[in-house]
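# Reading the structure
Listed below are the residues making up each chain.
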Protein chains: 2
Amino acid sequence: MTTEATTSTTHPLATQHAQVLEEVRSALASRRWFSRYPDSPSPRVYGETAAADGLAAYEAHLGTAYAGLQGQPGTATFVGSEVSPYGPTLAVEYPRLDVDAALVAAHAAMPAWRDAGPQVRAAVCVGIVDGINRRSFEIANAVMHTSGQPFVMSFQAGGPHAQDRALEAIAAGLVEQERVPASVVWEKPAKDAPIRMRKDYRVVPRGIALVIGCNTFPTWNAYPGLFASLVTGNPVIVKPHPRAVLPLAITVEIARKVLTDNGFDAALVQLAAEADDEGSAKDLVERPEIAIVDYTGGSGFGEWLEREGAALGTLVYTEKAGVNTIVIDSTDNLRGVLGNLAFSLTLYSGQMCTTPQNLYVPAGGIETDEGHLSFDEFGSRLGAAISRLTGDDAKAVELLGATVNPQVRANAGALAALAADSGGTVVLDSRAVTHPAYPDAVVRAPGLVALDVSREDIYTQECFGPVSFLIETASTEQSLAQFAHTVREHGAMTAAVYSTSEEVLDAARDAAADAGVSLSENLTGSVFVNQTAAFSDYHGTGANPAANAAYVDAAFVANRFRVVTSRRHV
Amino acid sequence: MTTEATTSTTHPLATQHAQVLEEVRSALASRRWFSRYPDSPSPRVYGETAAADGLAAYEAHLGTAYAGLQGQPGTATFVGSEVSPYGPTLAVEYPRLDVDAALVAAHAAMPAWRDAGPQVRAAVCVGIVDGINRRSFEIANAVMHTSGQPFVMSFQAGGPHAQDRALEAIAAGLVEQERVPASVVWEKPAKDAPIRMRKDYRVVPRGIALVIGCNTFPTWNAYPGLFASLVTGNPVIVKPHPRAVLPLAITVEIARKVLTDNGFDAALVQLAAEADDEGSAKDLVERPEIAIVDYTGGSGFGEWLEREGAALGTLVYTEKAGVNTIVIDSTDNLRGVLGNLAFSLTLYSGQMCTTPQNLYVPAGGIETDEGHLSFDEFGSRLGAAISRLTGDDAKAVELLGATVNPQVRANAGALAALAADSGGTVVLDSRAVTHPAYPDAVVRAPGLVALDVSREDIYTQECFGPVSFLIETASTEQSLAQFAHTVREHGAMTAAVYSTSEEVLDAARDAAADAGVSLSENLTGSVFVNQTAAFSDYHGTGANPAANAAYVDAAFVANRFRVVTSRRHV
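The model shown is predicted, which means the values in this text are computed figures rather than measured ones. (Residues numbered from 1 in each chain as written. Chains lettered and ligands numbered in written order. Predicted model: local features only at pLDDT ≥ 70, side-chain atom pairs only at ≥ 80, totals over all residues. Heavy atoms only, no water.)

Right, let's talk about the packing of helix α21 (residues 476–490) of chain B against helix α22 (residues 502–515) of chain B for a bit. Pairs of packed helices are described in terms of their axes, by the angle between the two and the distance that separates them. Residues and elements named next belong to chain B. One way to put it is that α21 packs onto α22 with a least axis distance of 8 Å and a crossing angle of 15°. By the criterion of interaxial angle, the relationship of α21 to α22 is roughly parallel. Considering how the two elements wind past one another, α21 and α22 form a crossing that is right-handed. Counted together, Thr476, Leu480, Phe483, Ala484, Val487 and Arg488 of α21 and Val504, Ala507, Ala508, Ala511, Ala512, Asp514 and Ala515 of α22 form the full contact between these two elements. Class assignment for the residues of the contact of α21 with α22 results in ten nonpolar, one polar and two charged. (Axes fitted to C-alpha atoms, helices over the stretch in contact; angles between N-to-C directions. Helix = DSSP H or I, 4+ residues; strand = E, 2+ residues; numbered from the N terminus. Parallel < 35°, antiparallel > 145°, perpendicular 65-115°, else oblique. Left-handed = near helix turned anticlockwise from the far one by under 90°. Contact = heavy atoms within 4.5 Å. Nonpolar A, V, L, I, M, F, W, Y, C, P; charged D, E, K, R; others polar.)

Residue and element names in this part refer to chain A. Across the sheet, five strands lie side by side as β7-β6-β5-β8-β9; this open sheet has parallel pairing. The two strands at the open ends of the sheet, each matched to only one other strand, are β7 (269–271) and β9 (315–319). Pairs of neighbouring strands in the sheet enclose a mean axial angle of 15°, with direction left out of account. The strands that helix α6 (residues 99–116) touches are β5 (208–212), β6 (236–239), β7 and β8 (290–296); relative to β5, the one it contacts most, it runs at about 125°. (Pairing = 2+ DSSP bridges.)

All names here are of chain B. Where burial is concerned, the two faces of strand β19 (residues 495–498) agree: the one with Ala495 and Val497 and the one with Ala496 and Tyr498 are both buried. Across four bridges, strand β10 (residues 325–328) lies against β19 in parallel orientation. Note that in β19 the partner of isoleucine 326 across the bridge is alanine 496. Judged from the three bridges that link them, β19 and strand β20 (residues 519–521) form a sheet pairing that is parallel. Note on β20: the bridge partner recorded for valine 497 is glutamate 521. A crossover connection joins β19 to the parallel β20 through α22; in handedness this β-α-β unit is right-handed. (Buried < 20%, exposed > 50% of the residue type's maximum accessible area, 1.4 Å probe, protein only. Right-handed = clockwise from strand over helix to strand, strands pointing away.)

Let us now look at the state of the cysteines. A complete count under the given rule lists zero disulfides over all chains for this structure. Cysteine Cys463(A) is unpaired, with the sulfur of Cys353(A) as its nearest cysteine sulfur at 16 Å. By relative accessible area, Cys463(A) is classed as buried at 12%. Left unpaired, Cys214(B) is separated from the closest cysteine sulfur, that of Cys353(B), by 7.6 Å. On the accessibility criterion, Cys214(B) (7% relative accessible area) is buried. (Disulfide = S-S within 2.5 Å.)

Read these as geometric descriptors, not functional statements.
In C-alpha cells, the structure reads:
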C-alpha cells in the first residue's frame, strides 16, 4: 500500500490525461464555463459521416442479442422489451446478469482498483468518457428511441452534456480524495525529543455501488452517480430502466473495454438489465453487498429507498419529483419572457424533471414593456406563444419529441377534467401533434390550466408532462410566499422569477434560499430554466424534498470513500 | 444577499481571527501536528491560580440552580440528577428547555447567522472555543465528576484536546464552504456574442441541529458535531447525557455569551437538559424542525437513530460501539509493548470508546527480544505489567478514574463467569481499587480473560470497561483474518498490530483497509492506540459499523449545508 503515491504519479494513464484533469479541477473550483465535449451535432465538429455512422451503429443493435457485454456473469437468458416512444420496437435482447456471481466479481475487482489510487482512477474514468463521446451519435439514437426525446436534445443532453456531467463527477471525486495527503510525518513537540510518527492515509471505497437509471434521461441522470462511485474506488452495477436499457448498455460496454484495456477488471462496471415490471432494483438494493445507491425516478420508490438504505447502512442519493415554479411579477421584455417560457414548457413536452409546472401570476396582472396585462391576458399571450412555437407539426416534433409513457399521455389528455375539478379554466389545451416520420408516436404540445392559489390540492402534485398551471395569487408577495412554502413541502428542481423590481428580486432570492431551490432571474434569451451547465450550475440542491443530493457538490462525493490511516513511529 | 462576500471580509471578527483560521486551514490540509490549546495543566502554562480558580468555579455550581442560561426559553421547572462517579452528588439544577419555543427561537436566529457568511461564522466559533479554553479547569472538574475520568485526563481530553477537535471541525466546515465561490461570471462561447451570466452561490444551512452528548466524554464527543453544524450555519440544540450535563451547560453558556457579544442571537446554541431516564432525545429527533443529529452512545439507540433519521430526512452522524482489536505477532521491544498495552488498557478503566478489547495472540506464542513467549507466558507478562502499573492505589486512581455506571461495574465483576462461560481462564482479575480521596468511588483495574478464537459469541460483543480478551488463534494469519472479519461485522474505533515482520505489517494494513479501521503499528512509547490527535488522526473511519462518520473529514461537514444559486444575464 505504501507504493500508492508512486503508482499514482508514474502510471502512464495519469500522464496521458493530466491536462484534462487539471482543467476539470480548475473549472470545478472556479465554476466558470467549461466543456470538453462540443454539443453541436454538426458534421464540422464530429465529422461528415458521424451522424450516419452513429445511426447505422444504433440500427445494428436492433433485433439482436446485445453483443458488447461478453464476460459479464450471465444466466444464459435474455431480457429486453424496449419500444421506442416514436413507435418502433427495438427488439434488443440483453444478457441477464447473474447477480450473485456479479457481486462476487465486483468485490474481487475492488482491491486493484482501490490501490491504483485516485489519479489513475480519474484518468481511466476520463478515458471511459472520451470513449463514450466517440459514440455520441449512436447513443443519441438510443436515447431518442428509449426516452422519446427529440433528436437534437438526445444528442446534446444524452451525449456531450451528460459527458460533461460525468467529467464533473470525476473532478469532484478526484479533488475530494486529493485533499487527503497520502502520507505525513507528524511531529509533536515534547519535553526531550519530539514525538515523530509517519501516518499513511489510504482512500478506501465503500463497497459496491448501484446506479438505478430512469426512462427520460438514461445517461444524463446516470453518469454523475456512476462516475462519482467509480472514481472513488467503488465497482458499479448499472440497473437501467427496463424501457431505456440501450444507452446504458453501450455505456457499460465502453467502460468495460476501457477498464480492461488499462489492465483493470471489467467487473468494475456491470449491467443488470431487467424485464419490464420486474422490479429488480428493490432486490439489488436489499443485497448487503450494495453500499451506495444512486437513483433517479418517482418519489414513491425514492422515499422507500431513502428509508431502506438507512436501515441497511447504505448511502442513498436520490433525485425524485417536485413542483418547479415560476413567479411572474413584471418585465421590460414581454416578448422575451413569452418566448423563453414557451420554449421551456415545450422542450421534450415538459418531460424534464426541471420543466416549470407552477406559474404564479398576480390577480391584478403584471406591468410590461407592452403595458399592463391582466392575469387572463398574460395567460392568453403565453398560450399564443406556445401555439406559435408548436403550430407546425413537422417543426414542433423537433422540440416536443414523443410522450414517454401512458401516465404522461393521460395527464396531457386530462386538462378539461383538471380545470373542472379545480374550478379553473383551460387556457390552452394540450394539442395532439402528428409526427411526420413516426405516425405511431403520441406527441403533445403543452397545455395550460388557470386556477386559484387556494387549489393547492391540485398544483402541489407533480403533473408530469405537458401540463402547467397558471396560479392566480393576490399579489407577488403571496406568489413568493406560496412558492417558498410549496417547494419546502413538495420539492422542486428549478425555480425562476420575472421582475423589473430589485426589491422583488431580492425577496425572490430570499424565498429561494428559504425554500432551498436555485433561482433563474429574468431569462429572456437562449438560457432556459430547465437547463443547468456542468461545472457551474448545481442540478438540484439537496435542500428540498425533490432530491437529497446535487450534481455535483462535495457532499455528493465525499462520503463515497473513507480514509484508513496507518501510523507508526519513525 | 449579494453583500455576503463584503460582509465576510470586512467584519471585524473575521480580521481578528484571520491568522488562526489560516493556521487551521493549513493544518487540516497537511495533517501535520497542530494544537492551539496547550494540553499541560501546568501553572506555567495556564497561570498560577488557574487550577484553584477553576476548581472554585466548579464548586460554585454545586447545589445551585445553573445561572448561566438566562434567556433560554424555559418551562420554569428544573432538572438535574448528576452524581459524581467519585461519590458526591452535584445537585446542580438546570432550567428545562421549552422545546417548542426553543425551536421557534432557533429558527428565527438562522437567517442572520446564514447571511453572516462562512468566515464570520468561523471567526465567532473560534471565539467560542477560545472562551471555552479559558474555562478549561472549571470544565475539567465538571468532566471529572460526571464521567469519572481521572483529573489529568479530564483536563486534557475534556479541555484542550476537545477544543482542538472543535477547531478542526470549524476548519473543515470553513474550507468546505470556501470551495464554493461566492459569485462567478459564466461566459459560454456562442455564434455571435458569448452568453454571459452572473451566478451567485449562497451557502444555506440545513436547519436546526441536535447534538446528543454521552456520559464518558461529554465535551470531546460533542464538540465536533456542535461546531461542524454551527460553522455551516445551523443553530444547535445540545442535549447532554443526563449524568453529564455540567460540562455542556458551561459550554453552551460560553457559546451564547460569545454569540450575543458579537451581535448574534443566543438561540443559535441552546441546552436541553433532561432528567435521568427521561429519554427526551427520541422526542427531539422526531421533531420535523431537527435537520441534523450528532450522536455518541450505545449501538441500540444509534441504530434506531440512523433508521429513523433516514425516514425523517434527517442527517445522522453516529459514533456507537465496536470491538477494538490488537493483533500481536512479534516484537523487538517486549517491555515497550507490555508497558504501552498496560497503559492503554488501564487508562480510564477501559471506558474509552477506543480502548482495545480483543487481543489476538497465536497459540504457538510470539517471538520477542526476550526470546520466545508462549501464549500463556505473554498473558502472564501482560497481566504483570498491568498489575505493576496499577498496584499502588493512590497512583492507580490517577490513571483509572472511577467506573461510570452499573454496567461497567457488572462487567468488571464478571470475569470469572465470563471465563467459565467461554471455556477460558481468568489471566488477571479486575482488581477493586480504593480511592484515597473518594471512598465511595468504585474503581477497577483492568482484567484479562483468555479464550479460544472459536468463542466469537463472547468476544464480538462489546464488553465496556476494564475487561479485555486474549484470544488464542492458530496463527497470525488467522488473527488478521479474524480481525478483519469481526471488525467488518461488529465495528471498531481502533486497531493495532505488533510485528517485526514487514510482511505481517503489510498484511495488517490490508486487513485494516478491508475492515475499514485505522491501524497503529508497534506502539511502544508515549503514543497509545486509544488516542487520536486533532487535525492529523481521523477518529473513527465511518467505514465499519462502530461509527457512520469520522472526526473530522469532508463527509462530516459537506452535507451540513447546501448551496442555492441565483443566476441572471449580465
